[in-house]
Each structure stands twice: as structure tokens, then as C-alpha cells.
Amino acid sequence: MSLEQAREWLGSATAVAVLTGAGISAESGVPVFRGAGGLWKDYRPEDLATPEAFARDPRLVWEWYNWRREAIRQAKPNAGHAALVRLEIQKPRFTLITQNVDGLHDMAGSGRILKLHGDIWRMRCTSCGSNWPDRRVPLPKLPPHCGCGGLARPGVVWFGEPLPEGMMREAEHATLEAQVLLVVGTSAQVYPAAGLIPLAKQAGARVIQVNLEPTPYSGIVDCALEGPAGEILPRLI
Ligand code: OAD
């Protein structure tokens, strides 16, 4: 299916949902998790982004987040992020659902964002449960601690942990009411986020995927556009 056809679907839809992943920030210089340039010291994200990994070696996990925070700190939103801001302005009903924790959608100017996996610029105390923003790069001491003396962890969702209360329900609701679901820069391997793609299909929405390469859902989406999000999204929107 062609980009022109996808642009027509998107143009005539009044309710649109967008699901983004690390690929939308790749052209801003933020490393993706899987594929080329994605691995940090040969660890897979599944080996570091878990409560078990943090319990075993909090310093190692924090070193990884410190490295990601450094890369993200230097990053600016790109033309892909900006195109989604324009789309939001055009559509009466619009929801941006992101797996990204980098804050680049906020910086670009997106208004309503469901951050399924949390926010890398927040911390949470594993002892007293309080949470707070922390934008220091690099962190002066690893692992960081809370004022109460407890160990601090990144304010993100790890494998095996539930998503923030009620957020997946909101994402599903937006997906179910959307006429078009636009899926950008995600390998579609991490659930429940990836499950929004078959959900949209079941509900009868058109699904448009933008990715450098095929994903497990390339066969079921209505239009799979291959190329960099920063080039394709401005042409699509
Ligand atoms: P991945 O790193 O798994 O996938 C990134 C996807 O973006 C790949 O399919 C790439 O082909 C694609 N891509 C790369 N550069 C691109 C570009 N310029 N334009 C378009 N596509 C591009 O990232 P996610 O799918 O977001 O979770 O990963 C999901 C979750 O796994 C993350 O939120 C994170 C990770 O573990 C947690 O930390 C809980």
C-alpha cells in the first residue's frame, strides 16, 4: 500500500491514535533497544530492565540508565516528533501513546501523551515510595539514594512490572475509538504495548506502520512504510 493511500486515510480520519517506540527518537541520537547500536556493553534490555537485575546489581542498572540519560540529554526532537504535534492539532480526537521515556514528545510540544513506560527523568524511592524529578547528568553518585536513605530507582516500568495505574485502559480506549492507528518506530515485541496493534485491527481501524524494517506485525497492518520516521512522517502528515 502506498504512502499516498496512507496519507488519505490519515487525512480523512477524525479519531487517530499513535503508538511510538524508540525508533522515533533514533534520528535525534537516542539509541534504540534492539538492533543496530541498541546494546549497551552486550546486555540485552531484558537483562537490565528488570526488578531482579536491579536487586542483584543496582549500580550496573544505574550505569546503563546514566548512559541513556547522557544520550537523551543531548537530544532534540526531530521532524518526526514535530509532525505528530501537527497531527494532534488537526484532529478532534487524538491520543499519543508512547513507550519512550525520553521526554522528546513533550519537548516537541505534544499535548496529551500516555507514557506507558514512565519517565527516565524521574526517580522513585524503593523504600518510602516517594518520587521526584532529577535531570542531573551524569548523576554524581551511583546508585542514587532518596533523602530517607533508601535506594532510588528510575521512574520507568521494567519487564514484569505493571504499567502505571489505568494507563493501559486509556490507551486501549483510544485505540478502540480510532479510525487510524499510526505505529512508529517500535519493534512491536514488548507487551502489552504491542497488543494495541492487533486490537486496532480487530476494531476495524486502519493501521499504518512506519519503521526502517519489517516487524512481526508487518503482515497484518494495512500499510507498512519502510524508512526513517523523520522523513516519512512529514510526508504522511
Ligand atoms: P526497539 O529498540 O525494540 O525497536 C526500535 C524500532 O525502531 C526497530 O523496529 C527499528 O527498526 C525501528 N527504527 C530505528 N530507527 C528508526 C527510524 N529512524 N525510523 C523509524 N523506525 C526506526 O524499541 P521499542 O519497540 O520502543 O521498555 O522497545 C519497546 C520497549 O523495550 C522499550 O520501551 C523499553 C525496551 O525494553 C522498557 O524499558 C520497559
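What counts and what doesn't
Residues numbered from 1 in each chain as written. Predicted model: local features only at pLDDT ≥ 70, side-chain atom pairs only at ≥ 80, totals over all residues. Heavy atoms only, no water. Disulfide = S-S within 2.5 Å. Buried < 20%, exposed > 50% of the residue type's maximum accessible area, 1.4 Å probe, protein only. Near = heavy atom within 4 Å. Areas by Shrake-Rupley, 256 points an atom, 1.4 Å probe, with all protein chains shown as cover. 1 Å grid on protein atoms, 1.4 Å probe; cavity = no way out; pocket = protein on both sides within 12 Å on 5 of 7 lines; lining within 4 Å. Sits in = over half its atoms within 2 Å of the grid points. Nonpolar A, V, L, I, M, F, W, Y, C, P; charged D, E, K, R; others polar. Pairing = 2+ DSSP bridges. Helix = DSSP H or I, 4+ residues; strand = E, 2+ residues; numbered from the N terminus. Axes fitted to C-alpha atoms, helices over the stretch in contact; angles between N-to-C directions. Contact = heavy atoms within 4.5 Å. Points joined across faces, edges and corners; volume = space filled by probe spheres on them. Domains from an automatic or database assignment. Phe/Tyr/Trp six-rings, centres within 6.5 Å; stacked < 30°, edge-to-face > 60°. Lys NZ or Arg CZ within 6 Å of the ring centre and 35° of its normal.

*Asks:* Help me get a handle on the state of the cysteines, residues and values and all.
*Replies:* Summed over all chains, the structure comprises 0 disulfides. Of all cysteine sulfurs, the one in C125 lies closest to C146, which takes part in no disulfide; the gap is 3.7 Å. Here C146 falls in the buried class, since its relative accessible area comes to 12%.

*Asks:* Kindly report on the site of the ligand, identifying the contributing residues and their values.
*Replies:* Taken together, 23 residues surround the ligand, and among them F33, R34, T186, S187 and N211 come closest. Relative to its unbound accessible surface of 790 Å², the ligand loses 94% to contact with the protein. Among the detected pockets, the ligand sits in the largest pocket. Class assignment of the residues belonging to the shell around the ligand gives a composition of 11 nonpolar, 9 polar and 3 charged.

*Asks:* I'd like a rundown of the sheet that holds strand β3 (residues 113-115), residues and numbers included.
*Replies:* Spatial ordering of the open sheet is given by β3-β2-β1-β7-β8-β9, a layout of 6 strands whose pairing is parallel. For this open sheet the edge positions go to β3 and β9 (223-226), each flanked by a neighbour on one side alone. Ignoring which end each strand starts from, the neighbouring axes of this sheet average 15° apart. Two strands pair when backbone bridges link them, and strand β1 (residues 15-20) and strand β2 (residues 93-98) are joined in this way by 6 bridges, in the parallel orientation.

*Asks:* Describe the sheet that holds strand β4 (residues 118-125), and please don't skip the residues or the numbers.
*Replies:* If you trace the 3 strands from one edge of the open sheet to the other, you get β5-β4-β6, paired in antiparallel fashion. The sheet terminates laterally at β5 (131-133) and β6 (152-156), the two strands that pair on one side only. Recorded for the sheet is a direction-independent mean angle of 40° between the axes of neighbouring strands. Running at roughly 140° to β4, helix α5 (residues 58-73) makes contact with β4 and β6 of the sheet.

*Asks:* Give a detailed account of the layout of surface pockets, specifying residues and quantitative values.
*Replies:* The probe, sized like a water molecule, is rolled over the atoms to show the empty space still left. Of the pockets and cavities examined, the largest pocket occupies roughly 990 Å³. Lining of the largest pocket is provided by 47 residues; of these, A22, V32, F33, R34 and S187 occupy positions nearest its centre. Residue assignment for the lining of the largest pocket shows that the elements contributing at least two residues are α2 (23-26), α5 and β8 (206-211). Tallied by class, the residues present in the lining of the largest pocket amount to 26 nonpolar, 15 polar and 6 charged. Here the lining of the largest pocket spans two domains, since at least three of its residues come from each of domain 1 (3-29 + 77-116 + 164-236) and domain 2 (45-74 + 125-156).

*Asks:* Any details on the packing of aromatic side chains? Residues and values, ideally.
*Replies:* A full pass over the atoms with the stated rule returns 7 aromatic pairs. Centre to centre, the rings of F33 and W64 are 6.3 Å apart; their planes meet at 70°, and the pair counts as edge-to-face. Of this pair, F33 sits in the loop between α2 and α3 (45-48) while W64 sits in helix α5, and the two are 31 residues apart along the sequence. Take F33: its relative accessible area is 24%, and that puts it in the partly exposed class. Residues W62 and Y65 carry aromatic rings whose centres are separated by 6.4 Å and whose planes lie at 70° to one another, so their mutual orientation is edge-to-face. Taken together, the residues span about one helical turn, with W62 and Y65 both in helix α5 at a distance of 3 residues. One exposure class covers both W62 and Y65, and it is buried. One aromatic cluster is present, built from ring pairs that chain together F33, F54, W62, W64, Y65 and W158. Positioned over the ring face of W158 is R153, at 3.8 Å from the centre of the ring.

*Asks:* Describe in detail the side chain of R69, supporting the description with residues and values.
*Replies:* Tracing the backbone through its elements, the reader meets R69 in helix α5. A relative accessible area of 0% means that R69 is categorised as buried. Once residues within four sequence positions are removed from consideration, R69 is found in contact with I120, W121, M123, D134, R135, R136, V137 and L139.

Read these as layout, nothing more, since geometry by itself doesn't imply function.
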